[in-house]
Amino acid sequence: MEICVNAPSMFPSVFMPRPLDSHKGTFGTLAIIGGSQGMSGAIVLASTAAVYTGCGKVWAGFHQKTLPMPIIAQHPEIMLACAHELLIREDISAWVTGCGLGLDEDAVIVLEKVLSKSMNAPLLLDADALTLLSQRPQLSTLAQQHSHLILTPHPTEAARLLGISTADIQADRHSAVKAIAQKYQATVVLKGHHSLVYAFDNDTLYTNHSGNPGLATAGSGDVLSGVIGALCAQGIDNWQATCAGVWLHGAAADYLASQIGGEIGLLSSELPHAVRYIRNRAIQQRK
Ligand SMILES: NC(=O)C1=CN([C@@H]2O[C@H](COP(=O)(O)OP(=O)(O)OC[C@H]3O[C@@H](n4cnc5c(N)ncnc54)[C@H](OP(=O)(O)O)[C@@H]3O)[C@@H](O)[C@H]2O)[C@@H](O)CC1
Ligand SMILES: Nc1ncnc2c1ncn2[C@@H]1O[C@H](COP(=O)(O)OP(=O)(O)O)[C@@H](O)[C@H]1O
């Protein structure tokens, strides 16, 4: 299967070799908050994607009273905390929230705290965080005041944000992504076949051509959040991190489809290894 190769030259900051004198602090600390009871997998997927995308340190912050596990057995490098513990740390370079967060009153409080705490850092909102924004005017107002915001809605989340139907979104995806970006003064990914990226402060519409229907599987959006969040934590600006993250995620799915003989049965948990391979390969090819 053909893998789109032009994106690495479009987003050079993402495809640079590491400086020889770099250390883990060079590549940032990402906090991912979500994973309410029964949805722990969502932030495990996002956190795993973040470490495979080269983030220096990754915290998974579970929106639960106690940790659902002492360690992620497959990935002991990921640090675990409950959401309220993570929210008092001062060393976070970028934040992701929403994956499996839930929609209850406690989730509203967590989201409000994340929005306030992260005002000067990149913040990506996905999944339940987007649904909460569409339901709670006070959260929407806080989000509109955030100066480094990335939103990654699927078409139904986009519909909720604009108060229209999913069919309306799909009928004019270009207008929809621009309207959300303007409404929230944010960088927005409208997910799906040929995901679109648009930023309120940049008149460029990026249409992504990597990816395939193998991505139509639970958790693939959580992986995307971890990939983009990791690039932000590495100091890459929101526009390049978002566009390149979307491209890497799709290119990883294309690579996996070529390895497994098609698009059926692709697992979200397989994507992070492939993202690592695609990013490293693109860096080698640019040398
Ligand atoms: N392992 C885990 O722990 C996982 C946890 N997860 C967590 O689950 C939580 C709920 O997330 P969610 O996205 O399932 O619910 P919600 O926002 O109500 O959207 C569903 C509605 O949207 C529609 N729809 C979706 N995509 C569409 C499209 N492309 N185009 C058109 N329509 C589309 C869809 O349509 P339908 O399927 O009915 O056709 C349905 O109506 C959230 O916290 C998330 O992080 C998941 O990440 C999975 C892995
Ligand atoms: N048919 C498709 N072609 C290309 N990409 C797809 C397709 N279906 C889904 N995707 C991608 O997979 C991801 C799905 O995200 P999302 O709907 O949030 O899933 P989840 O909530 O299960 O994590 C998005 O990045 C989307 O662009």
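What you are looking at is a predicted structure, and each value in this text was computed from that prediction instead of being measured.

**Let's talk about the pairing of strand S8 (residues 196–199)**
Turning to step 1, where the next piece is worked out: Residues Leu196 and Tyr198 point to one face of S8 and Val197 and Ala199 to the other, with burial holding for every one of them.
Turning to step 2, where the next piece is worked out: Relative to S8, strand S7 (residues 187–190) runs antiparallel, the two being bridged by 4 bridges. Across the sheet, Leu190 pairs through a bridge with Leu196, a residue of S8.
Turning to step 3, where the next piece is worked out: Where S7 folds back onto S8 in an antiparallel hairpin, the turn is made up of 5 residues, including Gly192, whose phi is positive at roughly 125°.
Turning to step 4, where the next piece is worked out: Relative to strand S9 (residues 202–207), S8 runs antiparallel, the two being bridged by 4 bridges. Bridge pairing links Ala199 to Asn202 in S9.
Turning to step 5, where the next piece is worked out: Between S8 and the antiparallel strand that follows it, S9, lie 2 residues.

**Quick notes on the UniProt feature "binding site: AMP" (unreviewed entry) in the protein chain**
Turning to step 1, where the next piece is worked out: Residues annotated in UniProt with the feature "binding site: AMP" (unreviewed entry) correspond here to Lys191, Gly192, His193, His194, Ser195 and Gly221. These annotated residues cover 31 residues of sequence, but their C-alpha atoms sit close together, with the largest distance between any two at 14.1 Å.
Turning to step 2, where the next piece is worked out: Secondary-structure assignment places Lys191 in the loop between S7 and S8.
Turning to step 3, where the next piece is worked out: When neighbours within four sequence positions are excluded, Lys191 is seen to be in contact with Asp126, Thr152, Pro153, His154, Pro155, Arg173, Gly221 and Leu224.
Turning to step 4, where the next piece is worked out: There is a polar contact of 3.2 Å between the side chain of Lys191 and the backbone oxygen of Thr152.
Turning to step 5, where the next piece is worked out: Locating Ser195 in the fold gives a position in the loop between S7 and S8.
Turning to step 6, where the next piece is worked out: Using a relative accessible area of 10% as the deciding quantity, one classes Ser195 as buried.
Turning to step 7, where the next piece is worked out: Not counting residues up to four positions away in its chain, the partners in contact with Ser195 are Arg173, Val189, Leu190, Tyr206, Thr207, Asn208 and Val246.

Criteria and cut-off values
Residues numbered from 1 in each chain as written. Chains lettered and ligands numbered in written order. Predicted model: local features only at pLDDT ≥ 70, side-chain atom pairs only at ≥ 80, totals over all residues. Heavy atoms only, no water. Buried < 20%, exposed > 50% of the residue type's maximum accessible area, 1.4 Å probe, protein only. Helix = DSSP H or I, 4+ residues; strand = E, 2+ residues; numbered from the N terminus. Pairing = 2+ DSSP bridges. UniProt positions renumbered as here; feature names shortened; annotations may be inferred. Contact = heavy atoms within 4.5 Å. Polar contact = N/O pair within 3.5 Å; in protein donor to acceptor, adjacent residues only side chain to side chain.

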